[in-house]
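Working through the structure, step by step
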Number of protein chains: 2
Amino acid sequence: MLVRAILDAKGHGVATIARATPVATAAARMQMEHVGALVVSADGRRVEGIIDERDIVRAYVRYGADLSGKSVGDVMRGEVISCASDTPVRQVMAKMTRHRVRHVPVVDGGALAGIVSIGDVVKSRLEELELEKDVMRDAFMART
Amino acid sequence: MLVRAILDAKGHGVATIARATPVATAAARMQMEHVGALVVSADGRRVEGIIDERDIVRAYVRYGADLSGKSVGDVMRGEVISCASDTPVRQVMAKMTRHRVRHVPVVDGGALAGIVSIGDVVKSRLEELELEKDVMRDAFMART
């Protein structure tokens, strides 16, 4: 299965945020939009970085009360682990495991085309398992 | 596959924290111990709650600068989605998807026996895939 299949099911929308936005706003948007990460981008196409819940916790540990004066650009990760629409999901799973990231932006031809979360991967595997179960049940029913 | 198989591979240790601990200490421990969640427990056996990175972000959004005065008990979730060692991994995946949680404490006979993260689930699936590949390669080699 390719990343494309996950995006086709969940949509290609990605929550993005500008570098200069205060960290507190980023945190509020994650909560409001029910996402665990925001892609940092000025134009919604070029990926400049990523900020997730772990980055905010790390920043809180580092800056404490001073975090209120920090912007997304101060605490984001600039080196983004990404994939393409035609990357096998298995390869994305390996990236998530190896780099301990839970969100992998999908970039096609230099432009942001979606995002795959570790939750999406587990959900798609669960659907595969349900499908396998249905196929086996039908095969069994056909024999009896 | 059962949850037990994941615990046998990763170990049964669980990072726990007391209810009265400041939230900032919980955040620092998550970072230091490379975990995304801490189980709230006074004795390391009975589960009183759970606190993860998302809970800390949510608390930061809610309390802002006042978060420094809050304790784990103020921001933890008291209703914990848990499983047992003999729960099928597939069922844990369904719980993670349905309740949008990334960490499921394992409780056997009322006592904490481990914790399974969404990352553990993906890692174990990846290992299954590698195994399937090896089996197929061996089967192919045997034929040629």
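In this report, we go over the structure that sits alongside the text. Since the model is a prediction, treat every value here as computed from it, not as a measurement.

Residues and elements named next belong to chain B. Phi is positive for H34, which is not a glycine, with a value near 55 degrees. Checked against the element boundaries, H34 lands in the loop between α2 (23-32) and β2 (37-40). Here H34 falls in the exposed class, since its relative accessible area comes to 57%.

What follows concerns empty space enclosed by the protein. Residues and elements named next belong to chain B. According to the stated counting rule, one finds 1 cavity of 30 Å³ or more in the structure shown. When its volume is computed, the largest cavity comes out at roughly 50 Å³. Taken together, I50, D52, R77, E79, V80, I81, V101, R102, H103 and P105 make up the full set of residues lining the largest cavity. Only β3 (49-52) and β4 (103-108) provide two or more residues apiece to the lining of the largest cavity. Each residue belonging to the lining of the largest cavity can be placed in one class, and the counts come to 5 nonpolar, 1 polar and 4 charged.

Turning to the packing of aromatic side chains, a few remarks are in order. For the structure on display, the rule yields 1 aromatic pair over all chains. Between Y60(A) and Y60(B) the ring centres are 6.2 Å apart and the planes differ by 50 degrees, which places this aromatic pair in the tilted class. Separated into two different chains, Y60(A) in helix α3 (residues 53-63) and Y60(B) in helix α3 (residues 53-63) make up a pair that spans both. On the basis of relative accessible area, Y60(A) is assigned to the buried category, the value being 9%.

What follows concerns the sheet that holds β2(B). Two strands in a sheet stick together by hydrogen bonds in their backbones, pointing the same way (parallel) or opposite ways (antiparallel). Residue and element names in this part refer to chain B. Strand order in the open sheet made by the 3 strands is β1-β2-β3, with mixed pairing throughout. At either margin of the open sheet sits one strand with a lone partner, and together these are β1 (16-17) and β3. Taken together, the 4 bridges between β2 and β3 define a ladder with antiparallel strand orientation. Following the sheet pairing, A37 is matched in β3 by D52. Relative to β2, α2 is tilted by about 125 degrees, and along the sheet it contacts β1, β2 and β3.

Time to look at the interface of chain B and chain A. Many structure descriptions define interface size as the accessible area lost when the parts assemble. Across the boundary between the two partners, chain B contributes 33 residues, which contact 33 residues of chain A. Between chain B and chain A, roughly 3000 Å² of surface is buried when both sides are summed, and carbon and sulfur atoms account for 67% of that area. Across the contact surface, chain B and chain A share 6 salt bridges. With a shortest N-O distance of 2.9 Å, R102(B) and E53(A) are connected by a salt bridge. At the junction of chain B and chain A, the tally comes to 10 residue pairs in polar contact (both at pLDDT 80 or more). With 11 residues, helix α6 (residues 118-143) of chain B is the largest single contributor of residues to the side of chain B that touches chain A. Class assignment of the residues belonging to the side of chain B that touches chain A gives a composition of 15 nonpolar, 7 polar and 11 charged.

Criteria and thresholds
- Residues numbered from 1 in each chain as written.
- Chains lettered and ligands numbered in written order.
- Predicted model: local features only at pLDDT ≥ 70, side-chain atom pairs only at ≥ 80, totals over all residues.
- Heavy atoms only, no water.
- Helix = DSSP H or I, 4+ residues; strand = E, 2+ residues; numbered from the N terminus.
- Buried < 20%, exposed > 50% of the residue type's maximum accessible area, 1.4 Å probe, protein only.
- 1 Å grid on protein atoms, 1.4 Å probe; cavity = no way out; pocket = protein on both sides within 12 Å on 5 of 7 lines; lining within 4 Å.
- Points joined across faces, edges and corners; volume = space filled by probe spheres on them.
- Nonpolar A, V, L, I, M, F, W, Y, C, P; charged D, E, K, R; others polar.
- Phe/Tyr/Trp six-rings, centres within 6.5 Å; stacked < 30°, edge-to-face > 60°.
- Pairing = 2+ DSSP bridges.
- Contact = heavy atoms within 4.5 Å.
- Axes fitted to C-alpha atoms, helices over the stretch in contact; angles between N-to-C directions.
- Buried area = accessible area lost by both parts, 1.4 Å probe.
- Salt bridge = Lys/Arg side-chain N within 4 Å of Asp/Glu carboxyl O.
- Polar contact = N/O pair within 3.5 Å; in protein donor to acceptor, adjacent residues only side chain to side chain.

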